[in-house]
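Structural characterization, general
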Amino acid sequence: QKEVEQDPGPLSVPEGAIVSLNCTYSNSAFQYFMWYRQYSRKGPELLMYTYSSGNKEDGRFTAQVDKSSKYISLFIRDSQPSDSATYLCAMSLTGNQFYFGTGTSLTVIP
Amino acid sequence: DTAVSQTPKYLVTQMGNDKSIKCEQNLGHDTMYWYKQDSKKFLKIMFSYNNKELIINETVPNRFSPKSPDKAHLNLHINSLELGDSAVYFCASSQEQGTPEAFFGQGTRLTVV
């Protein structure tokens, strides 16, 4: 069983839709929860991270962590074509070693 | 002003060859990493260095040897390349150990034929 499971999609939504991306994990010791965005042929870039449980909001993006369910989510409001990318969740125990999900491919259609 | 730069961007080589990928970061970070991303986009850590010292060495064949001449550079040398080594290799850096924010390079797409 992989440490982190993520639905690969692909996910296709119309512009302006709310997008929900999710990951589940098996290691209850994870403390850091991250979301990366990866455009085609580029390296991943960090969108946001959360330490322990709770929500975090940054503009149109909201990250949620539910440690009791071992479930994290990323919500994108008012999705734009520029949001089209692969979204990778990642987790870490100490902030040193990251365990990544396989990524969800998102396309926002104008 | 590229923060984390890797060379080359593309590498096509024959089985059995030895090749190196170079990585440099100009962010003043203490920790650097090598990740491998397979064809299904799965990103897995290979090595982590902190101030030139090896911190993480995942289950990677001995044919892969990282070298850190200084804390701004982490190179990856691969001996006796195999078809299964074909992947995108990403270098990354973070400010210090325990900092979850990592900055990734653009990747090196290695194809072994």
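Note that the structure is predicted; figures quoted are calculated from it, not measured.

Parameters and conventions
Residues numbered from 1 in each chain as written. Chains lettered and ligands numbered in written order. Predicted model: local features only at pLDDT ≥ 70, side-chain atom pairs only at ≥ 80, totals over all residues. Heavy atoms only, no water. Helix = DSSP H or I, 4+ residues; strand = E, 2+ residues; numbered from the N terminus. Rg over C-alpha atoms; globule rule 2.2 N^0.38 Å. Buried < 20%, exposed > 50% of the residue type's maximum accessible area, 1.4 Å probe, protein only. Pairing = 2+ DSSP bridges. Salt bridge = Lys/Arg side-chain N within 4 Å of Asp/Glu carboxyl O. Disulfide = S-S within 2.5 Å.

The subject of this paragraph is the overall build of chain B. Summing up its helical and strand segments, chain B has 0 helices and 11 strands in all. Mapped from its N terminus to its C terminus, chain B presents α and β elements in the order β-β-β-β-β-β-β-β-β-β-β. Relative to its length of 113 residues, chain B is compact, with a C-alpha radius of gyration of 13 Å against a globular reference of 13 Å. Based on the C-alpha atoms only, the size of chain B along its principal axes is roughly 35 × 30 × 25 Å. Sorting the 113 residues of chain B into buried and exposed places 46% on the buried side.

Let's shift gears to the pairing of strand β6 (residues 54-58) of chain A. All names here are of chain A. Pairing geometry for β6 and strand β7 (residues 61-66), over 5 bridges, is antiparallel. What sits directly across from D58, in β7, is F61. Where β6 folds back onto β7 in an antiparallel hairpin, the turn is made up of 2 residues, including G59, whose phi is positive at roughly 65°.

Pairing between side chains of opposite charge can happen when the charged atoms of each approach one another. Throughout the structure, instances matching the rule amount to 6 salt bridges over all chains. Between A:R60 and A:D83 there is a salt bridge, with its nearest N and O atoms 2.8 Å apart. Remark: A:D83 occurs in the loop between β8 (71-76) and β9 (85-92) and A:R60 occurs in the loop between β6 and β7; sequence separation between them is 23 residues. Using a relative accessible area of 25% as the deciding quantity, one classes A:R60 as partly exposed. Its salt-bridge partner being B:R63, residue B:E82 comes within 3.5 Å of it at the nearest N-O pair. Remark: B:R63 occurs in the loop between β6 (53-57) and β7 (64-70) and B:E82 occurs in the loop between β8 (73-78) and β9 (87-94); sequence separation between them is 19 residues. With relative accessibility at 42%, the residue B:E82 sits in the partly exposed group. Taking relative accessible area as the criterion, B:R63 reaches 16% and is therefore assigned buried.

Here the focus is the state of the cysteines. All names here are of chain A. Taken as a whole and assessed by the stated rule, the structure comprises 2 disulfides over all chains. At a sulfur-sulfur separation of 2.0 Å, the disulfide partner of C23 is C89. Here the S-S torsion is close to -100°, and the disulfide linking C23 with C89 is therefore left-handed. With C23 in strand β3 (residues 19-25) and C89 in strand β9, the pair connects residues that are 66 residues apart, well separated along the chain. Accessibility expressed as a relative area gives 1% for C23, which makes it buried.

Distances and angles like these do not, on their own, reveal function.
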